Amino acid sequence: LRHTHQHTTSLSMSAAVASGMARAHRVLLLGSGMTAAPLVEYLTRDGTTSVTVASIVEHEARQLATSYPNTSATTVDIKANGSLSELIPKHNLVISYVPYQLHPIVARQCINHGVSMVTASYVKPPLRELHDSACDASVTLLNEMGLDPGIDHMLAMQCFDEVHSKGGKVVSFESWCGGLPAPEYANNPLKYKFSWSPRNVLLGLMNSAKYIKDGKVVKLPGEGGVLERATPVDI
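Note that the structure is a prediction, hence the values are computed from the model and not measured.

The rules behind each value
Residues numbered from 1 in each chain as written. Predicted model: local features only at pLDDT ≥ 70, side-chain atom pairs only at ≥ 80, totals over all residues. Heavy atoms only, no water. Core = buried A, V, L, I, M, F, W, Y, C linked by side-chain atoms within 4.5 Å. Buried < 20%, exposed > 50% of the residue type's maximum accessible area, 1.4 Å probe, protein only. Helix = DSSP H or I, 4+ residues; strand = E, 2+ residues; numbered from the N terminus. Contact = heavy atoms within 4.5 Å. pLDDT = per-residue confidence, 0-100. Pairing = 2+ DSSP bridges. Right-handed = clockwise from strand over helix to strand, strands pointing away. Patch = residues over 30% accessible without salt bridge, like charges linked within 9 Å, V, L, I, M, F, W, Y side chains within 5 Å. Areas by Shrake-Rupley, 256 points an atom, 1.4 Å probe, with all protein chains shown as cover. Salt bridge = Lys/Arg side-chain N within 4 Å of Asp/Glu carboxyl O.

Undergrad: It is not clear to me how the nonpolar core should be interpreted in this structure. Could you clarify?
TA: Side chains of nonpolar character tend, in soluble globular proteins, to be buried together. The biggest cluster of nonpolar side chains holds 22 residues, and the ones touching the most others in it are L30, V94, V106, M117 and L141. When residues of this core are traced back to their parent elements, those giving at least two are β1 (25–30), α4 (83–87) and α5 (103–113). Take this core: its biggest share by element is 4 residues, from α5. If sequence neighbours within four positions are ignored, L30 has contacts with A54, V76, I78, L84, V94, I95, S96, Y97, V98 and V106. With 12 residues, the next largest nonpolar core counts L39, V40, L64 and I95 among its residues.

Undergrad: Hey, could you run me through the confidence of the model for the protein chain in this one?
TA: Predicted coordinates in areas of low pLDDT are best not read in detail. Across the protein chain, the average pLDDT comes to 86, with 89% of residues at or above 70. Ranking the elements of the protein chain by mean pLDDT puts helix α1 (residues 7–18) last with 53 and strand β4 (residues 93–96) first with 97.

Undergrad: Even after reading the chapter, I still don't get the pairing of β4, so can you show me in this structure?
TA: The two faces of the sheet receive side chains in turn, since in a regular strand these alternate between them. Bridge analysis of β1 against β4 gives 4 bridges, and the strand direction is parallel. For L30, the partnering residue across the bridge sits in β4 and is S96. As judged from the 4 bridges shared by β4 and strand β5 (residues 116–119), these two strands associate in the parallel manner. Residue pairing in the sheet places I95 in a bridge with V118 of β5. In this fold, the crossover linking β4 to β5 by way of α5 has right-handed handedness.

Undergrad: What is the right way to read unusual backbone geometry from this model?
TA: Peptide bonds are, in most cases, trans, and in most cases residues other than glycine have a negative phi. Cis rather than trans, the peptide bond between D148 and P149 has omega equal to 10°. Its identity is not glycine, yet S138 carries a phi of approximately 55°, on the positive side. Structurally, S138 is set in the loop between α7 (131–136) and β6 (141–142).

Undergrad: In this structure, what is going on with a nonpolar patch on the surface? I would like to understand it.
TA: Together, M34, L190 and F194 give the surface a local cluster of nonpolar side chains, amounting to about 320 Å² of exposed area. Mapped onto the elements of the fold, L190 is located in the loop between α8 (151–165) and α9 (198–204).

Undergrad: Just checking my understanding: could you explain the pattern of salt bridges for this structure?
TA: One pass over the structure, following the stated rule, counts 3 salt bridges. Measuring nitrogen to oxygen at the nearest pair gives 3.0 Å for the salt bridge that ties R62 to E58. Of this pair, R62 and E58 both sit in helix α3 (residues 58–67), 4 residues apart, which is roughly one turn of that helix. Taking the relative accessible area as the measure of exposure, R62 reaches 44% and is therefore partly exposed. Here E162 makes a salt bridge to K166, at a shortest N to O gap of 3.4 Å. For E162, a relative accessible area of 43% puts it in the partly exposed group. Among the residues examined, K166 registers a relative accessible area of 66% and is labelled exposed.

Okay, structure coming up:
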């Protein structure tokens, strides 16, 4: 983060301590891709948290384990029977950083073993269908907890709450989020930074979209509708 935004880290850590999260936690991180290292670094700042990195790419998991304290590595094939059922019960929380198509497999195992799950992915119908089963098992399936969607929503609500607390009214709000680096770091032809799977970034452009503009709901179809509505933005 740029220094002007580093306060978000201290705020979140303070909130964690205040909510009683200082007790020991065992976190199972599924996946070892580009976004895994920052997460492990963040989680292990708290000495009471231990992390198990489970990945089908063994050398990536081992590298993370040797780079951060209280971190161990193991291999896992999520599609293989029994792999997850042995790992999940040993942990208090599962963070799934695997491709979104695999989240339902992970979620079902979490429900079976009574362990909550967090992802950074959009909620797709196969995962949404597990809502009632998760509620019956008192298991939380918390999704859309990355940057976008995730932090952008939280900062938006923080902005709204601040306006309302001062007697104001929100009449318009636009949020722009993505891999656009600060100008001094925009040092490639695209002026874009991939911090996660480039393929999934491009697949995200194929999603449908819905937003409110001038009091009316605007719906954009999938398979390129978002690209057809692209407009210049002055940042």
